[in-house]
Amino acid sequence: GENVEQHPSTLSVQEGDSAVIKCTYSDSASNYFPWYKQELGKRPQLIIDIRSNVGEKKDQRIAVTLNKTAKHFSLHITETQPEDSAVYFCAAFFSSNTGKLIFGQGTTLQVKP
Amino acid sequence: NAGVTQTPKFQVLKTGQSMTLQCAQDMNHEYMSWYRQDPGMGLRLIHYSVGAGITDQGEVPNGYNVSRSTTEDFPLRLLSAAPSQTSVYFCASSYTGRQPQHFGDGTRLSIL
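Source: prediction; values computed, not measured.

K.L.:
Explain the packing of aromatic side chains here, please?
P.N.:
Working definition: an aromatic ring pair is given by the centre-to-centre distance plus the angle between the planes. Applying the stated criterion across every chain yields a total of 13 aromatic pairs over all chains. Between Trp35(A) and Phe73(A), the ring centres sit 5.6 Å apart and the planes meet at 70°, which makes this aromatic pair edge-to-face. Residue Trp35(A) is located in strand β4 (residues 32–38), and its partner Phe73(A) is located in strand β8 (residues 72–77); the two are separated by 38 residues in the primary sequence. Linked through ring pairs, Tyr36(A), Phe89(A), Phe103(A), Tyr35(B), Phe90(B) and Phe103(B) together constitute an aromatic cluster. The side chain of Arg68(B) reaches across the aromatic face of Phe74(B), ending 5.9 Å from its centre.

K.L.:
Any chance you could explain the sheet that holds strand β1 (residues 4–7) of chain A here in plain terms?
P.N.:
The strands that make up a sheet pair up through hydrogen bonds in the backbone, lying either parallel or antiparallel. All names here are of chain A. An order of β1-β3-β8-β7-β6 is seen for the 5 strands of this open sheet, with the pairing classed as antiparallel. A single partner strand is all that each edge strand has here, and the edge strands are β1 and β6 (56–59). Neighbour to neighbour, the strand axes of the sheet diverge by 15° on average, direction disregarded. The pairing of strand β3 (residues 19–25) with β8 spans 6 bridges and is antiparallel.

K.L.:
Help me out: how do you make sense of the layout of surface pockets in this one?
P.N.:
Remark: the empty space left among the atoms is shown by a probe the size of a water molecule rolled over them. Estimated volume of the largest pocket: approximately 620 Å³. The wall of the largest pocket is formed by 29 residues, among which Gln38(A), Gly41(A), Gln37(B), Val88(B) and Arg108(B) lie closest to the centre. Every element with two or more residues in the lining of the largest pocket is listed here: β9 (86–94) and β11 (107–112) of chain A together with β9 (87–94) and β11 (107–111) of chain B. Counting residues per element, the lining of the largest pocket draws most heavily on β9(A), which supplies 3 residues. Here the residues of the lining of the largest pocket sort into 9 nonpolar, 13 polar and 7 charged.

K.L.:
Is there a simple way to explain the sheet that holds strand β7 (residues 64–66) of chain B in this structure?
P.N.:
Residues and elements named next belong to chain B. Across the sheet, which stays open at both edges, the 4 strands sit in the order β1-β3-β8-β7 with antiparallel pairing between neighbours. Edge strands, defined here as strands with exactly one partner in the open sheet, are β1 (4–7) and β7. If you compare each strand with its neighbour and ignore which way they point, the axes differ by 20° on average.

K.L.:
Got a minute to help me understand the state of the cysteines in this structure?
P.N.:
Two cysteines, two sulfur atoms, one covalent bond between them: this is a disulfide. Counted according to the given criterion, the structure contains 2 disulfides over all chains. Disulfide partner of Cys23(A): Cys90(A), at an S-S distance of 1.9 Å. Between Cys23(A) and Cys90(A) the disulfide shows an S-S torsion of about -100°. By sign, it is left-handed. Taken together, the residues span a long stretch of sequence, with Cys23(A) in strand β3 and Cys90(A) in strand β9 at a distance of 67 residues. The residue that forms a disulfide with Cys23(B) is Cys91(B), at a sulfur-sulfur distance of 1.9 Å. Judged by the sign of its S-S torsion, about -70°, the cystine formed by Cys23(B) and Cys91(B) is left-handed. You can see Cys23(B) sitting in strand β3 (residues 19–25) and its partner Cys91(B) sitting in strand β9, a full 68 residues away along the chain. The two residues Cys23(B) and Cys91(B) agree in class, both being buried.

K.L.:
Teacher, can you tell me more about the interface of chain A and chain B here?
P.N.:
How large an interface is tends to be reported as the accessible area lost when its parts come together. Tallying the contact residues gives 23 residues for chain A and 23 residues for chain B. A combined buried area of about 1900 Å² lies between chain A and chain B, and 53% of that area is made up of carbon and sulfur atoms. Summed over the three residues of chain A that lose the most area to chain B, namely Arg43(A), Thr98(A) and Phe103(A), the buried surface amounts to 27% of that side. Applying the counting rule to chain A against chain B returns 1 salt bridge.

About the thresholds
Residues numbered from 1 in each chain as written. Chains lettered and ligands numbered in written order. Predicted model: local features only at pLDDT ≥ 70, side-chain atom pairs only at ≥ 80, totals over all residues. Heavy atoms only, no water. Phe/Tyr/Trp six-rings, centres within 6.5 Å; stacked < 30°, edge-to-face > 60°. Helix = DSSP H or I, 4+ residues; strand = E, 2+ residues; numbered from the N terminus. Lys NZ or Arg CZ within 6 Å of the ring centre and 35° of its normal. Pairing = 2+ DSSP bridges. Axes fitted to C-alpha atoms, helices over the stretch in contact; angles between N-to-C directions. 1 Å grid on protein atoms, 1.4 Å probe; cavity = no way out; pocket = protein on both sides within 12 Å on 5 of 7 lines; lining within 4 Å. Points joined across faces, edges and corners; volume = space filled by probe spheres on them. Nonpolar A, V, L, I, M, F, W, Y, C, P; charged D, E, K, R; others polar. Disulfide = S-S within 2.5 Å. Buried < 20%, exposed > 50% of the residue type's maximum accessible area, 1.4 Å probe, protein only. Contact = heavy atoms within 4.5 Å. Buried area = accessible area lost by both parts, 1.4 Å probe. Salt bridge = Lys/Arg side-chain N within 4 Å of Asp/Glu carboxyl O.

Below, the structure written as C-alpha coordinates:
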(Lines give C-alpha, C1' and ligand atoms only; values in the text may rest on other atoms or scores of the structure.)
Protein backbone atom coordinates (compact mmCIF):
# COMPACT_ATOMS: atom_id res chain seq x y z
CA GLY A 1 0.00 0.00 0.00
CA GLU A 2 0.90 3.67 -0.01
CA ASN A 3 2.91 4.39 3.08
CA VAL A 4 5.45 6.84 4.49
CA GLU A 5 7.47 5.89 7.55
CA GLN A 6 9.26 8.60 9.53
CA HIS A 7 11.96 8.24 12.20
CA PRO A 8 12.68 9.13 14.90
CA SER A 9 9.41 10.16 16.52
CA THR A 10 11.27 12.45 18.94
CA LEU A 11 14.70 14.04 18.68
CA SER A 12 16.51 16.17 21.22
CA VAL A 13 19.71 18.05 20.32
CA GLN A 14 21.86 20.77 21.82
CA GLU A 15 21.77 24.18 20.21
CA GLY A 16 24.35 24.31 17.44
CA ASP A 17 24.27 20.58 16.75
CA SER A 18 22.84 19.01 13.62
CA ALA A 19 19.53 17.15 13.41
CA VAL A 20 18.60 14.46 10.89
CA ILE A 21 15.13 13.06 10.25
CA LYS A 22 14.62 10.12 7.92
CA CYS A 23 11.65 8.90 5.88
CA THR A 24 10.98 5.93 3.66
CA TYR A 25 8.20 5.54 1.12
CA SER A 26 6.57 2.53 -0.45
CA ASP A 27 6.00 3.45 -4.12
CA SER A 28 9.02 3.74 -6.40
CA ALA A 29 6.94 5.92 -8.77
CA SER A 30 6.62 8.69 -6.17
CA ASN A 31 8.24 11.87 -7.47
CA TYR A 32 7.57 14.71 -5.02
CA PHE A 33 8.77 14.87 -1.41
CA PRO A 34 8.00 17.93 0.74
CA TRP A 35 8.87 18.66 4.36
CA TYR A 36 6.63 20.65 6.67
CA LYS A 37 7.23 22.32 10.02
CA GLN A 38 4.43 22.73 12.52
CA GLU A 39 4.77 24.89 15.59
CA LEU A 40 2.51 24.26 18.54
CA GLY A 41 -1.09 25.18 17.80
CA LYS A 42 -0.34 26.35 14.28
CA ARG A 43 -0.78 25.09 10.74
CA PRO A 44 1.91 23.03 8.97
CA GLN A 45 4.12 25.13 6.72
CA LEU A 46 6.40 24.00 3.92
CA ILE A 47 10.11 24.39 4.65
CA ILE A 48 11.66 22.59 1.69
CA ASP A 49 10.73 20.11 -1.03
CA ILE A 50 12.54 17.93 -3.54
CA ARG A 51 11.56 16.19 -6.76
CA SER A 52 12.77 12.84 -7.96
CA ASN A 53 15.05 14.25 -10.63
CA VAL A 54 17.23 15.87 -7.94
CA GLY A 55 19.38 14.12 -5.34
CA GLU A 56 19.90 16.99 -2.92
CA LYS A 57 18.54 20.45 -2.26
CA LYS A 58 19.73 23.10 0.22
CA ASP A 59 18.22 26.24 1.65
CA GLN A 60 20.49 27.94 4.17
CA ARG A 61 20.67 25.62 7.22
CA ILE A 62 18.21 23.10 5.81
CA ALA A 63 18.94 20.38 3.28
CA VAL A 64 17.05 17.40 1.94
CA THR A 65 18.59 14.34 0.30
CA LEU A 66 16.80 11.73 -1.79
CA ASN A 67 17.84 8.16 -2.55
CA LYS A 68 15.39 6.85 -5.15
CA THR A 69 16.92 3.38 -5.26
CA ALA A 70 16.47 2.87 -1.53
CA LYS A 71 13.20 4.85 -1.50
CA HIS A 72 14.22 7.09 1.34
CA PHE A 73 14.79 10.79 1.89
CA SER A 74 16.15 12.78 4.81
CA LEU A 75 15.97 16.27 6.29
CA HIS A 76 19.17 17.77 7.65
CA ILE A 77 19.18 20.85 9.86
CA THR A 78 22.58 22.28 10.71
CA GLU A 79 23.51 24.74 13.47
CA THR A 80 20.18 24.17 15.19
CA GLN A 81 18.57 27.01 17.11
CA PRO A 82 15.83 26.96 19.78
CA GLU A 83 13.35 28.32 17.22
CA ASP A 84 13.85 25.14 15.21
CA SER A 85 11.93 23.31 17.95
CA ALA A 86 8.71 22.06 16.34
CA VAL A 87 7.10 18.99 14.79
CA TYR A 88 8.47 18.10 11.36
CA PHE A 89 6.55 16.05 8.79
CA CYS A 90 7.79 14.41 5.64
CA ALA A 91 5.41 13.52 2.82
CA ALA A 92 5.41 11.73 -0.51
CA PHE A 93 3.17 12.10 -3.54
CA PHE A 94 1.69 8.83 -4.76
CA SER A 95 0.54 8.76 -8.37
CA SER A 96 -2.08 6.00 -8.16
CA ASN A 97 -5.62 6.96 -9.19
CA THR A 98 -5.80 10.75 -9.23
CA GLY A 99 -2.70 11.17 -7.06
CA LYS A 100 -2.42 12.00 -3.38
CA LEU A 101 0.01 13.38 -0.81
CA ILE A 102 0.64 11.09 2.18
CA PHE A 103 2.42 12.27 5.32
CA GLY A 104 4.72 10.53 7.75
CA GLN A 105 3.93 10.31 11.46
CA GLY A 106 5.98 13.36 12.42
CA THR A 107 9.13 14.05 14.45
CA THR A 108 9.11 16.28 17.49
CA LEU A 109 12.42 18.16 17.53
CA GLN A 110 13.59 19.80 20.72
CA VAL A 111 16.61 22.10 20.57
CA LYS A 112 18.05 22.74 24.02
CA PRO A 113 19.74 26.09 24.56
CA ASN B 1 -5.92 37.37 -0.24
CA ALA B 2 -7.32 35.08 2.47
CA GLY B 3 -5.61 31.81 1.38
CA VAL B 4 -7.35 28.76 2.86
CA THR B 5 -10.19 29.53 5.25
CA GLN B 6 -11.65 26.91 7.55
CA THR B 7 -14.78 27.29 9.63
CA PRO B 8 -15.55 26.77 12.42
CA LYS B 9 -12.31 26.93 14.43
CA PHE B 10 -13.78 24.94 17.32
CA GLN B 11 -16.79 22.68 17.60
CA VAL B 12 -18.23 20.33 20.20
CA LEU B 13 -20.70 17.69 19.07
CA LYS B 14 -22.64 14.91 20.68
CA THR B 15 -22.31 11.35 19.43
CA GLY B 16 -24.62 10.78 16.49
CA GLN B 17 -24.88 14.40 15.41
CA SER B 18 -23.90 15.44 11.92
CA MET B 19 -22.05 18.52 10.80
CA THR B 20 -20.11 20.06 7.95
CA LEU B 21 -16.63 21.51 8.21
CA GLN B 22 -16.17 24.28 5.68
CA CYS B 23 -13.06 24.93 3.60
CA ALA B 24 -12.66 27.67 1.02
CA GLN B 25 -9.66 28.90 -0.93
CA ASP B 26 -9.26 31.95 -3.12
CA MET B 27 -6.09 30.95 -5.00
CA ASN B 28 -7.79 29.09 -7.85
CA HIS B 29 -6.17 25.84 -6.70
CA GLU B 30 -7.39 22.65 -8.34
CA TYR B 31 -6.09 20.25 -5.67
CA MET B 32 -7.77 20.28 -2.25
CA SER B 33 -7.57 17.83 0.60
CA TRP B 34 -8.68 17.11 4.14
CA TYR B 35 -6.39 15.70 6.84
CA ARG B 36 -6.98 14.80 10.44
CA GLN B 37 -4.23 15.17 13.01
CA ASP B 38 -4.09 12.99 16.09
CA PRO B 39 -1.20 12.78 18.58
CA GLY B 40 1.52 10.43 17.36
CA MET B 41 -0.24 9.69 14.09
CA GLY B 42 0.78 12.60 11.94
CA LEU B 43 -1.50 13.98 9.28
CA ARG B 44 -3.77 11.33 7.82
CA LEU B 45 -5.51 11.96 4.51
CA ILE B 46 -9.30 11.66 4.65
CA HIS B 47 -10.46 12.71 1.17
CA TYR B 48 -9.03 14.78 -1.62
CA SER B 49 -10.07 16.37 -4.89
CA VAL B 50 -8.13 17.17 -8.07
CA GLY B 51 -10.79 19.53 -9.40
CA ALA B 52 -14.47 20.43 -9.37
CA GLY B 53 -16.62 17.33 -9.61
CA ILE B 54 -13.76 14.91 -8.80
CA THR B 55 -13.16 13.46 -5.35
CA ASP B 56 -11.29 10.42 -4.11
CA GLN B 57 -10.69 8.59 -0.86
CA GLY B 58 -7.57 8.93 1.22
CA GLU B 59 -6.22 6.79 4.05
CA VAL B 60 -9.11 7.16 6.52
CA PRO B 61 -12.33 7.99 4.61
CA ASN B 62 -14.87 6.04 6.66
CA GLY B 63 -17.47 8.21 8.37
CA TYR B 64 -16.77 11.23 6.18
CA ASN B 65 -18.25 12.53 2.93
CA VAL B 66 -17.02 15.24 0.59
CA SER B 67 -18.18 16.99 -2.55
CA ARG B 68 -16.54 19.53 -4.85
CA SER B 69 -19.14 21.52 -6.72
CA THR B 70 -16.88 24.56 -7.19
CA THR B 71 -13.13 25.11 -7.43
CA GLU B 72 -13.20 27.27 -4.29
CA ASP B 73 -15.05 25.08 -1.78
CA PHE B 74 -14.42 21.63 -0.40
CA PRO B 75 -16.70 20.84 2.57
CA LEU B 76 -16.19 17.80 4.78
CA ARG B 77 -19.31 16.16 6.22
CA LEU B 78 -19.45 13.99 9.30
CA LEU B 79 -22.50 11.80 8.85
CA SER B 80 -22.96 10.50 12.40
CA ALA B 81 -20.25 11.77 14.74
CA ALA B 82 -18.36 9.28 16.90
CA PRO B 83 -15.87 9.93 19.74
CA SER B 84 -13.12 8.42 17.53
CA GLN B 85 -13.54 11.41 15.21
CA THR B 86 -12.34 13.80 17.89
CA SER B 87 -9.36 15.42 16.20
CA VAL B 88 -7.92 18.51 14.60
CA TYR B 89 -8.94 18.76 10.97
CA PHE B 90 -6.85 20.57 8.38
CA CYS B 91 -7.85 21.55 4.89
CA ALA B 92 -5.11 22.18 2.32
CA SER B 93 -4.94 23.32 -1.29
CA SER B 94 -2.42 23.63 -4.11
CA TYR B 95 -2.32 23.87 -7.89
CA THR B 96 -1.57 20.15 -8.08
CA GLY B 97 -0.72 17.48 -5.53
CA ARG B 98 2.93 17.87 -6.50
CA GLN B 99 3.02 21.50 -5.40
CA PRO B 100 3.43 23.04 -1.92
CA GLN B 101 0.26 22.67 0.10
CA HIS B 102 -1.35 25.73 1.67
CA PHE B 103 -2.98 24.74 4.94
CA GLY B 104 -5.88 26.37 6.74
CA ASP B 105 -5.71 27.12 10.46
CA GLY B 106 -7.57 23.92 11.34
CA THR B 107 -10.82 22.99 13.06
CA ARG B 108 -10.59 21.50 16.54
CA LEU B 109 -13.49 19.05 16.86
CA SER B 110 -14.54 17.30 20.06
CA ILE B 111 -17.22 14.64 20.11
CA LEU B 112 -18.71 13.68 23.42
